[in-house]
Every structure is written in structure tokens, then in C-alpha cells.
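Report on the structure
Spelled out, the chains give:
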Amino acid sequence: ALFSFVCFVFIMLSYVQIFRVMLKIPSEQGLHKAFSMYLPHLAMVSLILSTGIFAYLKPYSTFSPSLDLVVAVLYSVVPPAVNLLIYSMKNKELK
């Protein structure tokens, strides 16, 4: 658990550092391009982490088996499906 927490902290620090560097981009077009690449990635990482945290850190005694199935589907199906949607929004033909 300690190793996972340390890795999580380093990942979050790297995202903060990326965001700080992006804010220093002088041109508006470069800033827009950087955010258009960074925000979908950040959305997917947040979705995967939040569903994973919910799936693995929920108390077992208060949830029913049917809710366990819903959580499993949420964790294993939703992020890949939404991943396609988020990254396809960058495609000009789909917009």
C-alpha cells in the first residue's frame, strides 16, 4: 500500500509539473494544442483511477453481489468505451 501511495504521489506531482510548464507556453495556438492533448489524457486517467478506487476500496460488508457486478462493469467496460469517445473528439470529421 505504501509503494502504491508513493507512486500515486509521484504521478500527481508529474501532472502538476506538466500543467505548470504548459501555462508558460507563450503562443495561444501552442497553448490550445497542448491543452487539447493534455485534457483528454487527464480525463481518462481520472476516470480509470476513480473507477479503480471505487472498485477496490469499497467496504465489502455493505454492498450486495449485484452491486459488485455493476462496479466490475464500471471498472472494466466504461473506461475503454469512454476512451474511444474522448480521443475521437480530437478528430475533426467527428466534430
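All values reported here derive from a predicted model rather than from experimental measurement. (Residues numbered from 1 in each chain as written. Predicted model: local features only at pLDDT ≥ 70, side-chain atom pairs only at ≥ 80, totals over all residues. Heavy atoms only, no water.)

Focus on the overall build of the protein chain
A count of helices and strands for the protein chain gives four helices and zero strands. Ordered by position from N to C terminus, the α and β elements of the protein chain give α-α-α-α. When burial is assessed residue by residue, the protein chain has 16% of its 95 residues classed as buried. Looking at the protein chain as shown, the accessible area adds up to about 7500 Å², and 74% of this sits on carbon and sulfur atoms. (Helix = DSSP H or I, 4+ residues; strand = E, 2+ residues; numbered from the N terminus. Buried < 20%, exposed > 50% of the residue type's maximum accessible area, 1.4 Å probe, protein only. Areas by Shrake-Rupley, 256 points an atom, 1.4 Å probe, with all protein chains shown as cover.)

Brief notes about the environment of alanine 72
Of note, alanine 72 is situated in helix 3 (residues 65-76). In sequence terms alanine 72 and threonine 51 are 21 residues apart; their C-alpha atoms lie 9.0 Å from each other.

Some points on the UniProt feature "transmembrane region" (unreviewed entry) in the protein chain
Look at the UniProt record and you will see "transmembrane region" (unreviewed entry) annotated at residues 6-23, 35-57 and 69-87. Along residues 6-23, the helical share is 100% and the strand share 0%, with 26 Å between the first and last C-alpha atoms. (UniProt positions renumbered as here; feature names shortened; annotations may be inferred.)

With respect to the packing of helix 1 (residues 2-23) against helix 2 (residues 28-56)
The N-to-C vectors of helix 1 and helix 2 enclose an angle of 160°; their axes lie 11 Å apart at closest approach. The orientation of helix 1 with respect to helix 2, classified from their angle, is roughly antiparallel. Handedness of the helix 1/helix 2 crossing: left-handed. Residue-level inspection shows Phe8, Met12, Tyr15, Ile18, Phe19, Met22 and Leu23 of helix 1 in contact with helix 2, the latter providing Leu31, Ala34, Phe35, Tyr38, His41, Leu42, Val45 and Leu49. Per-class residue counts for the contact of helix 1 with helix 2 are 14 nonpolar, one polar and no charged. (Axes fitted to C-alpha atoms, helices over the stretch in contact; angles between N-to-C directions. Parallel < 35°, antiparallel > 145°, perpendicular 65-115°, else oblique. Left-handed = near helix turned anticlockwise from the far one by under 90°. Contact = heavy atoms within 4.5 Å. Nonpolar A, V, L, I, M, F, W, Y, C, P; charged D, E, K, R; others polar.)

Brief notes about the packing of aromatic side chains
Two measures describe an aromatic ring pair: the distance that separates the ring centres and the angle between the ring planes. This model, assessed by the stated rule, comprises three aromatic pairs. Aromatic pair tyrosine 15 and tyrosine 38: ring centres 6.3 Å apart, planes at 50°, arrangement tilted. Of this pair, tyrosine 15 sits in helix 1 while tyrosine 38 sits in helix 2; the two residues are 23 residues apart in sequence, bridging distant segments of the chain. Judged by relative accessible area, which is 9%, tyrosine 38 ranks as buried. Among the aromatic side chains, those forming a connected cluster through ring pairs are Tyr15, Phe19, Phe35 and Tyr38. (Phe/Tyr/Trp six-rings, centres within 6.5 Å; stacked < 30°, edge-to-face > 60°.)

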